[in-house]
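Analysis of the macromolecular model
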Amino acid sequence: MLRRRVVQMLVLLIVVSLLLSPPARPAAASTAALLRAQAAPLDPAELATWLEPLIEEQMAAAHIPGAVFLLVQDGQIAYARAFGLADLAQQTPVNVESSLWRVMSLSKPVTAVALMQLAEQGKLDLHADANTYLRSYRLPEAFGQPITADQLLTHSAGLDWDLDDIGTAAAKPADLVGNARFLNDHPPARVFPPGQQTLYSNAAFNLAGQMVEDISGVPFAEYIDRNIFQPLGMTRSSFVQPPPQPAGLVTGYEFDGENHQPVPLPLWQDPPSRSLTATAPDMARFMLALLGGGSPILSPDAAASLLDTHFTYREGTPGVAYGWDVVTRPGVAGVWKDGAAAGALSRIVLLPEDGIGFFLAYNLDDGFGLGNAVMAEFLDRRFPVAPHLAPSQPGAAERGQALAGVYRLTDYSRQTVAKLLRLPWPDYPQVTAQADGRLLVQFGPDAATNHELVEIAPRYYRTSDGEMDYVFWEEEPGRPAGFAVGAWVTEKVAWYDTGQAHMLMLVAFAAIFLGSAVAGTVIGLRHPPASRLSRRGLWLLTATAALNFTFLVTFFLVLQWVVSGAANVDFAIGMPTWMTALVALPLLTTALTVGLIVVGLLGWRRRAWSGRGLAFYGLFTGVCLLFIPWLNYWNLFGFRW
């Protein structure tokens, strides 16, 4: 899970133009006219002529064994096609009707429907304190503001990024502890004031699922089955783990460059956010229930509200619906959601105004290359845009200069050791201001991935192709804090907080500790100090330097091992014993640093040091003191996961 997420984040940064090319209504204040082509009913035969070759080409390039694509239109399944194999060892082909898919985060829209049902029944106020309804877990007080169900469903509750958390899965069914206990054992950290920004959070939907259980008095999976799956006829769908009807379960895979390796079905400790398994026809029933303007599970008004934008960084621009991201292509009203983990990827796109939706699932993690390609081509063909961008506004050049700098994706852990996975990231993106007031956003050396932005209004920009809107915001006047493109959010980074700066710090610390360990050893063996106190201080210095160097090098190698994909440790099951021992080293070296200070002060008072020895000892102790906040910044100071 850890390594998959790092690789996926890097891929998403490079292919952002594909991922974010889905978009919604232009802002009311916009001065640019964006034309939407009139969309006629979709012809399944025409769809097949371009879709099937595209999927087959992408599958071959990424070594994807199997996939399914299903389109609903006008209240029925209009097109469905299976591709390839569901299981390589058994040579089982994918079957549209019976193949059972692990759809992971497509669980979240189902959980959102359950909360919406309770709100419709008057049992829940979506804008009230969530603690009013939670019985099995209590959200901690923070920032002087409560968290609401509305904020949980839009990922704007201010909870920490948790997709890389360690110990989120069980090795066997008997080890599953249940969502309530998991929340209490792994309480989600509150890192931002609620309602201010989005940060994707499994914990938010685990809390939403717990609210469903606590309000209804019925176990979450049972509530979903009674109130959503049974009324819709979704007979093969379940949040229960392992699936109660496992026949046809598709095998997930990883590809190591030569062979496909099967990935076991995860047993998640937090089912409301990601444990759903379902067939393609069942997902079609769910899509139709939300597209039909009323269904056995939600009234027309509730269904429309579910898919409406409930959080955005600027009024009139795309943002987040309840359990869905809002599509960001100009002139198109729609939502989308995907799920990924353990060799299973899936995506749904819904266009309510057209009564159209599609479900795509496949069984190898390609960083959503196939999903992005299908989504982009589908929207390009259905909703071509003709951009008519106005020239830059007066003062745009000056305003643009204030926005220039390095920005970073906000999707990383702030409270756990998983934050270290951010260290290998390149610093994306770089924003530079042009003389004519336009901004250039550079995602890397490939010019094809870069975006040129034209100002629509202060701190509001549109790409020159007219397909995406960028919204910048400020911490205070003149101090930009970040920008968002729909639900894709960044933060501005100070020069000393870039990946390059922290890598230089790591190298500098390692070099100093190695040099000090070698120097201390040589001095101790060839020219030992005269006094016993100074000799002890020298060996304490040498031991501290050696342990710090060993920790840095070992942890860096482990990090590279994980990020490269070579690691065969399942961190989702828990922290390995050897890793626990490794992260205990900073606690030991911190205690030794305290000892360095004590011995140094005693030696200085007793004049046990030579001037040169005291300078060497003092400088090294100072570096050790600086090392402690650096370790704490990366959550390496103690057991944090």
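For the structure, check the block above.
Residues numbered from 1 in each chain as written. Predicted model: local features only at pLDDT ≥ 70, side-chain atom pairs only at ≥ 80, totals over all residues. Heavy atoms only, no water.

Glancing now at the packing of helix α14 (residues 499-526) against helix α17 (residues 611-633). Interhelical geometry of α14 versus α17 gives an angle of 145 degrees and a closest axis separation of 11 Å. Where α14 crosses over α17, the handedness of that crossing is left-handed. On α17, the residues touching His 502, Met 505, Leu 506, Phe 509, Ile 512, Phe 513, Ser 516, Ala 519 and Ile 523 of α14 are Phe 616, Phe 620, Val 623, Cys 624, Leu 626, Phe 627, Trp 630 and Tyr 633. Taken together, the residues of the contact of α14 with α17 break down into 15 nonpolar, two polar and no charged. (Axes fitted to C-alpha atoms, helices over the stretch in contact; angles between N-to-C directions. Helix = DSSP H or I, 4+ residues; strand = E, 2+ residues; numbered from the N terminus. Left-handed = near helix turned anticlockwise from the far one by under 90°. Contact = heavy atoms within 4.5 Å. Nonpolar A, V, L, I, M, F, W, Y, C, P; charged D, E, K, R; others polar.)

Checked against the element boundaries, Arg 347 lands in strand β13 (residues 344-351). Overall, Arg 347 belongs to the buried group, its relative accessible area being 1%. C-alpha of Arg 347 to C-alpha of Val 320: the two residues are 27 residues apart in sequence and 16 Å apart in space. Only 3.0 Å separates the side chain of Arg 347 from the side chain of Asp 338, close enough to count as a polar contact. (Buried < 20%, exposed > 50% of the residue type's maximum accessible area, 1.4 Å probe, protein only. Polar contact = N/O pair within 3.5 Å; in protein donor to acceptor, adjacent residues only side chain to side chain.)

This part takes up the pattern of salt bridges. According to the stated counting rule, one finds 20 salt bridges in the structure shown. Residue Glu 52 is joined to Arg 81 by a salt bridge in which the shortest nitrogen-to-oxygen separation is 3.0 Å. Residue Glu 52 is located in helix α3 (residues 44-62), and its partner Arg 81 is located in strand β3 (residues 76-87); the two are separated by 29 residues in the primary sequence. Notably, a salt bridge pairs Arg 226 with Glu 222, separated by 2.2 Å at the nearest N-O pair. Linking Arg 226 with Glu 222, this pair stays in helix α8 (residues 220-232), spanning four residues, or about one helical turn. For Arg 226, a relative accessible area of 44% corresponds to the partly exposed category. (Salt bridge = Lys/Arg side-chain N within 4 Å of Asp/Glu carboxyl O.)

As summarised here, the arrangement of the eight strands in space is β16-β17-β18-β19-β20-β21-β22-β23, forming a closed barrel in which the pairing is antiparallel. The mean angle between the axes of side-by-side strands here comes to 30 degrees, regardless of whether they run parallel or antiparallel. As paired elements, strand β19 (residues 451-457) and strand β20 (residues 460-463) share four bridges and run antiparallel to each other. Counted as the bridge partner of Ala 457 is Tyr 460 from β20. Strand contacts of helix α13 (residues 396-403): β16 (405-409), β17 (430-433), β18 (439-442), β19, β20, β21 (469-476), β22 (479-485) and β23 (488-493), with the helix running at about 90 degrees to β20, the strand carrying the most contacts. (Pairing = 2+ DSSP bridges.)

So, about helix α7 (residues 202-216). In a regular helix each residue adds 1.5 Å, so 15 residues correspond to 21 Å; α7 covers 21 Å between its end C-alpha atoms and thus fits that length. The element α7 is extensively covered by neighbouring structure, given that 12 of its 15 residues are classed as buried. Sitting at the head of α7, Ser 201 places a side-chain oxygen 3.2 Å from the backbone nitrogen of Ala 203. A positive phi of about 75 degrees marks Gly 217, the residue just after α7. (Expected span 1.5 Å × (residues − 1).)

Turning to the pairing of β21, a few remarks are in order. In terms of strand pairing, β20 meets β21 through three bridges, oriented antiparallel. Each bridged residue has a counterpart across the sheet, and for Arg 462 the counterpart in β21 is Asp 469. Counted between consecutive antiparallel strands, the loop separating β20 from β21 contains five residues, among which Gly 466 sits at a positive phi close to 75 degrees. Here β21 pairs with β22 via five bridges, running antiparallel. Among the inter-strand pairings, Phe 472 is bridged to a residue of β22, identified as Phe 483.

What the seven strands build is an open sheet, ordered β4-β3-β2-β14-β13-β12-β11; its pairing is antiparallel. Edge positions in the sheet fall to β4 (92-93) and β11 (325-326), since each has one partner strand and no second. As paired elements, strand β2 (residues 66-73) and β3 share eight bridges and run antiparallel to each other. Looking at the pairing, Phe 69 lines up with Arg 81 of β3.

Another point: a nonpolar patch on the surface. On the surface, Ile 597, Leu 601, Trp 604, Leu 614 and Leu 625 cluster together into a nonpolar patch covering about 470 Å² of accessible area. Contributions of two or more residues to the nonpolar patch are made by α16 (577-605) and α17. For the nonpolar patch, the element with the highest residue contribution is α16, accounting for three residues. When you line up the elements, Leu 614 lands in helix α17. (Patch = residues over 30% accessible without salt bridge, like charges linked within 9 Å, V, L, I, M, F, W, Y side chains within 5 Å. Areas by Shrake-Rupley, 256 points an atom, 1.4 Å probe, with all protein chains shown as cover.)

This paragraph deals with the packing of aromatic side chains. Any pair of aromatic rings gets described here by the distance separating the centres and the angle formed by the planes. Per the counting criterion, the structure on display carries 27 aromatic pairs. Residues Phe 229 and Phe 239 carry aromatic rings whose centres are separated by 6.2 Å and whose planes lie at 15 degrees to one another, so their mutual orientation is stacked. Pair noted here: Phe 229 is in helix α8 and Phe 239 is in the loop between α8 and β7 (252-255), with a separation of 10 residues, a long-range link. Of the residues examined, Phe 239 reaches a relative accessible area of 3% and is grouped as buried. For the pair Tyr 407 and Phe 472, a centre-to-centre distance of 6.0 Å together with 80 degrees between the ring planes defines the contact as edge-to-face. Of this pair, Tyr 407 sits in strand β16 while Phe 472 sits in strand β21, and the two are 65 residues apart along the sequence. Of the residues examined, Tyr 407 reaches a relative accessible area of 0% and is grouped as buried. By way of ring pairs, the aromatic residues Tyr 407, Phe 443, Tyr 461, Tyr 470, Phe 472, Phe 483 and Trp 488 are connected into one cluster. Its guanidinium or amino end placed over the ring of Trp 268, Arg 274 lies 3.9 Å from that ring's centre, counting from NZ or CZ. Sitting over the face of the ring of Tyr 412, Arg 422 holds its NZ or CZ atom 4.6 Å from the ring centroid. (Phe/Tyr/Trp six-rings, centres within 6.5 Å; stacked < 30°, edge-to-face > 60°. Lys NZ or Arg CZ within 6 Å of the ring centre and 35° of its normal.)

This is a description of form; function is not addressed.
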